[in-house]
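Here is what each chain is made of, one letter per residue.
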Amino acid sequence: FRFKPTEGLKPMAVKYYLRCFAIMGSEIPTFRTAGAISSIKMALLVSIGNYQIKYSFEQNRRGVVIWNDYQTLKNIELPVTIEDVPDVCIYLIKGPPRSQSICYCRVPAASLLKEQFLAEPKWYQLRADPGRGTKRQGGIALTVNPGAVLLKLGLGLAEDAIDPQFAWNETQLKKKVVDLAPYCLRVYVFQARHLPASDDNGLLDPYVKVRFCGKKDKTKIHSMTTAPLFYETLQFHEMLPKDKNYGPDIVLQVWDNDRFGSNTPMAMLRFPLIECVELASEASRFPQPVWRRLTDVNGEHVAGELLISAALIKKREASEKFNKPEAITPQMRQAWVEVTALGVRQLKTYRLRTPREPYVRIDVPAPNDGGTYVKTKSSKKPSGRNANFIQRRIISVEMPENALYAQQMDLRVYDARSISTPLLGACTVDLAKKMSWNADEYEPPQTELFDDTEARRREDERLEQERQAAALKAGKPADDDDDDFDDDDGGNDKDVHKPQRVGVSFGDDDEEERDEEDALLGGIEEGAEVRMQYELERYEKPPLGGTAEDSGIGAFHPMIVTELPMVYEDYLYQQEQERAAEELLLKEEEEREGRRGILSSLSARFKHATDLGLGTEEEGFKLSDLDISFPTQWAAADFLEGREWWTEEHDGHELENYLKTKPFETYQVYRGRYHPDPSKSTLRSVGVFKGIVRVLDQDPLIVGELIPEKLLRERTYMVRLYVIRGANLQPVDSNSADPYLRVKLGKDVDERKREHLDRTLKPNFYQTFEFQTTLPGPSVLKIQVKDWNRFYPIHELIGETKIDLEDRWFHRDWQKIDGGPPNSDEALLNKDGIHNKLKPIEVRSLYNPNASSVVQGQLQLWLEIRPVHETRRDPPVQLEEPPVRDFEVRIIC
């Protein structure tokens with residue numbers, strides 16, 4: 001059976017030319033047959049659609065195959081549209097007696113059409129064919145490095161191919177390949193960082209192997225590190241083309257040395273010969289190195305970077321010998337690394353055993369003396385999983401003047417109570433940003449940002465600046481939309497690039513009901529002009545007249561109406577509304593009682609509504625003039641007084657937006673083995689090291705401590721958490737939920753399944769939690785909202801939020817909120833100039849780590865941390881829900 005396509009379904013076709021100049025292959029896998037002395041020959045096949053170019057079989061000499069052949073496919077019919085043009089496929093074929101393709105590569109036709117016939121020769125990295133079973137045929141090297149081929153490809157229309165400016169001179173191309181000269185290649189390997197772990201302990205024993213023109217050399221082996229310092233120079237003497245575009249590339253591979261088994265390749269890097277700097281003599285200084293990302297055998301980026309450079313030295317004759325290269329160690333200076341170790345937090349079990357008495361080993365390597373290390377004391381207080389060290393350790397070490405060569409500091413966490421002292425986890429710390437003489441990247445201590453708060457805001461500002469710069473460069477205003485009209489959501493370009501928070505709503509009524517109330521209290525259509533005016537001043541402020549759904553302007557957006565002439569009646573009405581707004585503001589100032597936050601916005605709108613809207617010519621009246629007492633559910637909420645300043649001034653989001661920076665630096669420690677396939681990778685975070693790292697150019701004994709150890713002494717505190725309510729909860733399995741709270745601090749868990757609320761996504765919790773803890777110590781307070789299920793023993797998680805108690809208690813701004821002498825620099829004054837000692841109410845977003853990264857709702861709460869002796873005389877705040885009352889609503893038309 002043969003399929004014959006319908007004529008009408010065939011795309012329109014035109015004639016193309018495909019030119020291919022096959023130069024050579026590098027690191028080609030070697031195959032041998034039984035009893036044969038030489039390796040099997042290799043051929044190349046280039047195809048596009050049903051058209052093919054075949055190159056002859058050539059000898060594979062130490063992984064190098066030279067074809068030096070030029071062929072052309074003329075007048076081949078391919079689709080007109082670029083999307084329909086098939087890719088160019090390159091196949092590597094092992095030779096007779098049995099021919100078989102073992103590696104391949106796909107080149108997008110669009111990239112070749114873009115360059116037409118003017119592209120320079122390029123190295124194309126091959127991929128092992130997974131369906132050929134090459135391991136059983138002796139092709140074990142395919143899993144390490146399938147090799148690459150150097151081709152000059154050109155694809156274009158037939159009429160362009162005959163143009164003289166796109167012509168290829170076959171004689172000159174082949175001459176460039178055979179026009180050779182003697183060179184000495186020097187590869188400078190300085191250091192590596194963030195190498196993928198190969199051992200179960202999260203480390204590896206790395207060394208670098210360099211391959212070039214069938215030869216190889218390697219560096220020394222470094223033990224148990226992911227950031228080794230090599231500082232070695234490897235030399236290769238070869239005959240190379242004078243035109244570097246036609247020369248072989250340099251392959252650098254990172255291997256893990258295994259003492260009792262075969263070594264494991266971890267990553268690789270291909271360095272083009274065209275990027276090598278040509279030095280005047282062998283005594284010339286090495287070129288400036290650059291950090292380069294590592295890839296796997298398929299060219300996909302993996303973790304890890306190499307700091308390397310390469311140079312060529314032209315020799316007078318091939319037999320000329322060079323002296324041993326000089327050392328490439330950079331200029332060093334005396335420095336001190338100070339580590340204030342607070343402790344480790346949330347250590348996970350090791351082989352089903354809980355850590356008992358951990359300690360931390362701190363290594364700072366150096367290129368000359370091998371570096372040095374110190375240890376903290378082993379500790380089991382307050383627990384093995386959350387051990388405190390509270391020690392200051394100082395390391396005297398040589399560090400480079402240039403921050404480019406700054407080493408990485410190794411942190412390793414061990415368990416001292418075990419017989420074998422196992423390694424629980426490890427991580428590295430980049431010291432380049434800690435060096436005070438690094439003016440470009442220096443980050444002072446205690447400037448680490450909180451996650452997902454200030455860091456996200458700064459990233460948004462950076463993206464916004466880039467967007468505005470790109471818009472100005474294109475000659476378009478930054479705030480202009482691509483469309484001529486706004487969408488239904490009123491979005492602009494900022495909304496596209498800037499992540500938006502889920503709207504926070506804590507009123508008891510639904511959104512639709514509040515909109516109806518605004519429409520009732522806001523007036524009729526003549527109030528649209530006032531709405532327009534106040535939108536120009538502050539777009540998010542609730543309008544005095546008109547509603548968000550019906551502004552009285554019709555199909556036009558209110559921002560557009562400002563360009564139309566205003567009639568006299570509208571002007572009079574606007575003046576009247578401005579006067580009403582001024583009276584409203586004066587009344588707000590007179591009746592300020594500190595209870596109008598985000599929770600009382602609904603009652604405030606009832607109390608200060610302007611008029612029912614009977615037109616400008618008719619006499620109107622205000623609701624405040626009527627003899628009606630409108631109830632408010634927050635009239636008895638005394639706990640709000642003095643805590644709403646953060647809600648009123650900063651919308652009440654997470655308090656990390658106010659604190660901004662952390663008092664301690666946190667470093668995740670890892671254990672496990674890395675694998676490109678995430679399903680096979682065992683590398684994971686097993687805990688956190690918390691402390692402060694400083695790099696000083698003076699003796700720390702002279703400089704002094706950043707944080708005195710006496711301020712970090714362990715003390716017992718009472719943690720009080722007040723959860724008021726939730727909003728915008730996302731149901732797990734239906735359109736509603738039965739939420740309840742579960743709070744955990746260290747080993748203490750308070751789960752209130754019996755107090756779950758029935759079928760609501762805006763629960764009113766009004767619950768207080770108390771925990772007694774030691775600080776420094778277990779510090780992560782985890783607050784979870786779970787969905788109670790009657791028929792299943794497992795109650796699903798809706799969302800959770802975490803608060804680090806140490807980051808709050810030891811933060812200067814948190815202490816200012818909590819007290820300090822009045823009228824002093826340590827006291828925090830509110831906007832009325834009154835000393836405020838109450839912790840503010842904050843709105844925290846909930847996330848589900850087992851689901852998506854979308855916000856799953858919000859919780860409104862506040863947190864207190866107080867010494868135990870203070871809590872004995874000050875009982876918890878009475879957090880009670882206002883009583884339910886019955887009302888009668890009458891509508892008179």
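The residue count restarts for each chain, going from 1 along the sequence in the order it is written. Only residues with pLDDT of at least 70 are given local features in this predicted model, and only at 80 or more are side-chain atom pairs given and counted; all residues enter the totals for whole chains, interfaces and linings. Excluding hydrogens and water, the side-chain values take into account all heavy atoms of the structure.

1. Regarding the overall build of the protein chain
Summing up its helical and strand segments, the protein chain has 16 helices and 34 strands in all. When accessible area is computed with a 1.4 Å probe and restricted to protein chains, residues below 20% of their type maximum are described as buried, those above 50% as exposed, and intermediate ones as partly exposed. Relative to its 893 residues, the protein chain shows a buried fraction of 47%. When checking whether two residues touch, look at their non-hydrogen atoms; a contact exists if any pair is within 4.5 Å. Relative to all contacts within the protein chain whose residues are 6 or more apart in sequence, the contacts with residues 24 or more apart total 71%. Here, Shrake-Rupley sampling with a 1.4 Å probe gives the accessible areas, and only protein chains in the shown set may cover a residue. Roughly 47800 Å² of accessible area belongs to the protein chain as shown, and the carbon and sulfur atoms make up 48% of that amount. Elements are defined by DSSP. Helices are runs of H or I of four residues or more, strands are runs of E of two residues or more, and each kind is numbered from the N terminus.

2. Thoughts on the sheet that holds strand β8 (residues 127–128)
Two strands pair if DSSP finds at least two bridges between them. Spatially, β3-β2-β5-β6-β8 is the arrangement adopted by the 5 strands of the open sheet, whose pairing is antiparallel. Looking along the sheet, the strands with just one partner apiece sit at the ends: β3 (51–54) and β8. Across 7 bridges, the pairing between strand β2 (residues 42–48) and strand β5 (residues 88–94) is antiparallel. In the sheet register, isoleucine 48 faces β5, and the bridge partner there is valine 88.

3. Let's talk about the environment of histidine 222
By the element assignment, histidine 222 lies in the loop between β12 (215–218) and β13 (229–241). Sequence spacing of histidine 222 and tyrosine 207 is 15 residues, and the spatial spacing of their C-alpha atoms is 6.6 Å. In contact with histidine 222, not counting residues within four places along its chain, are Leu204, Asp205, Pro206, Pro228, Leu229 and Phe230. Throughout this description, a polar contact denotes any pair of N or O atoms lying within 3.5 Å of each other; where both atoms belong to protein, one of them has to be capable of donating a hydrogen while the other can accept it, and for residues adjacent in sequence the pair is counted only when both atoms sit in side chains. Within the local environment of histidine 222, its side chain forms a polar contact with the backbone oxygen of leucine 229, the two atoms lying 3.2 Å apart.

4. What about the environment of aspartate 205?
Along the chain, the position of aspartate 205 falls in the loop between β10 (180–193) and β11 (206–212). The class of aspartate 205 is buried, set by a relative accessible area of 18%. Along the primary structure aspartate 205 and isoleucine 221 are separated by 16 residues, whereas in three dimensions their C-alpha atoms are 6.5 Å apart.

5. Thoughts on the nonpolar core
Core analysis: the largest hydrophobic core is formed by 39 residues, its most contacted members being Leu721, Leu781, Leu805 and Leu859. What leucine 859 contacts, discounting residues up to four positions off in sequence, is Val723, Arg725, Gly726, Leu741, Phe765, Ile783, Val785, Glu842, Val843, Arg844 and Leu846. As used here, the term nonpolar core means buried Ala, Val, Leu, Ile, Met, Phe, Trp, Tyr and Cys residues forming a set that is joined through side-chain atoms within 4.5 Å. Judged by nonpolar contacts, the second largest core, of 36 residues, contains Ile48, Val65, Ile76 and Leu78.

6. Some thoughts on a nonpolar patch on the surface
On the surface, Ile394, Leu701 and Ile702 cluster together into a nonpolar patch covering about 330 Å² of accessible area. Classification of leucine 701 as exposed rests on a relative accessible area of 67%. The patches reported here contain residues having more than 30% relative accessible area and no salt bridge. Joining distances are 9 Å for like charges and 5 Å for nonpolar side chains (Val, Leu, Ile, Met, Phe, Trp, Tyr). For this analysis, a salt bridge means a side-chain nitrogen from Lys or Arg found within 4 Å of a carboxyl oxygen belonging to Asp or Glu.

7. Considering a positive patch on the surface
A contiguous patch of positive charge, built from Lys348, Arg385, Arg684, Lys744, Lys747 and Lys802, is present on the exposed surface. Mapping arginine 385 onto the fold places it in the loop between β21 (372–375) and β22 (388–400). Neither His nor the chain termini are counted; the positive set is Lys and Arg, and the negative set is Asp and Glu. We put the charge of a Lys on NZ, of an Arg on CZ, of an Asp on CG and of a Glu on CD.

8. Description of unusual backbone geometry
Among all residues save glycine, negative phi is the norm, and among peptide bonds the norm is trans. Residue proline 382 is bonded to the preceding lysine 381 through a cis peptide linkage, with omega at -5°. The residue after leucine 775, namely proline 776, is reached through a cis peptide bond having omega -5°. Tracing the backbone through its elements, the reader meets proline 776 in the loop between β30 (764–775) and β31 (780–787). Phi is positive for arginine 759, close to 45°, though the residue is something other than glycine. You can see arginine 759 is positioned in the loop between β29 (748–751) and β30.

9. Focus: the packing of aromatic side chains
Between the rings of Phe, Tyr and Trp (Trp by its six-membered ring), a pair exists once the centres lie within 6.5 Å; its type follows the angle of the planes, with under 30 degrees stacked, over 60 edge-to-face, and the other angles tilted. Tallied over the full model, the rule gives 15 aromatic pairs. With a centroid separation of 4.4 Å and an interplanar angle of 20°, the aromatic rings of tyrosine 722 and tryptophan 862 are classed as stacked. Placement of tyrosine 722 in strand β27 (residues 715–727) and of tryptophan 862 in strand β34 (residues 857–867) is noted, with a sequence separation of 140 residues between them. Three or more aromatic residues joined by ring pairs make a cluster, and in this case those are Tyr188, Phe190, Tyr231, Phe286 and Tyr405. For a ring to carry a charge above it, either NZ of a lysine or CZ of an arginine must fall within 6 Å of the ring centroid while also lying within 35 degrees of the normal to the ring plane. Its guanidinium or amino end placed over the ring of tyrosine 373, arginine 361 lies 3.8 Å from that ring's centre, counting from NZ or CZ.

10. Concerning the pattern of salt bridges
Pairs can form between side chains of opposite charge once their charged atoms are near each other. This structure, assessed with the given rule, holds 33 salt bridges. For glutamate 656, the salt bridge goes to arginine 844, with nearest N and O atoms at 3.0 Å. Here arginine 844 lies in strand β33 (residues 842–846) and glutamate 656 lies in helix α12 (residues 656–659), a separation of 188 residues in the sequence. By relative accessible area, which is 8% here, glutamate 656 ends up buried. Overlapping salt bridges bring together Arg345, Lys690, Asp804 and Glu806 as one network.

11. Side note on the sheet that holds β33
Taken together, 4 strands build an open sheet; the order of strands is β30-β27-β34-β33 and the sheet is antiparallel. Both edges of this open sheet fall to β30 and β33, since each of them pairs with a single strand only. Going across the sheet, the axis of each strand differs from the next one's by a mean of 35°, ignoring polarity. Angular values range over 0 to 180 degrees, each being the angle between N-to-C directions of two axes fitted as lines to C-alpha atoms, with helices fitted over their stretch in contact.

12. Considerations on the pairing of strand β20 (residues 358–364)
Of all 7 residues that make up β20, 6 are buried, and the element is covered over most of its length. As paired elements, β20 and strand β23 (residues 408–415) share 6 bridges and run antiparallel to each other. Bridge pairing in β23 places proline 358 opposite aspartate 415. Inspection of the sheet shows β20 paired to β21 by 4 bridges, in the antiparallel sense. Bridge pairing links aspartate 363 to tyrosine 373 in β21.

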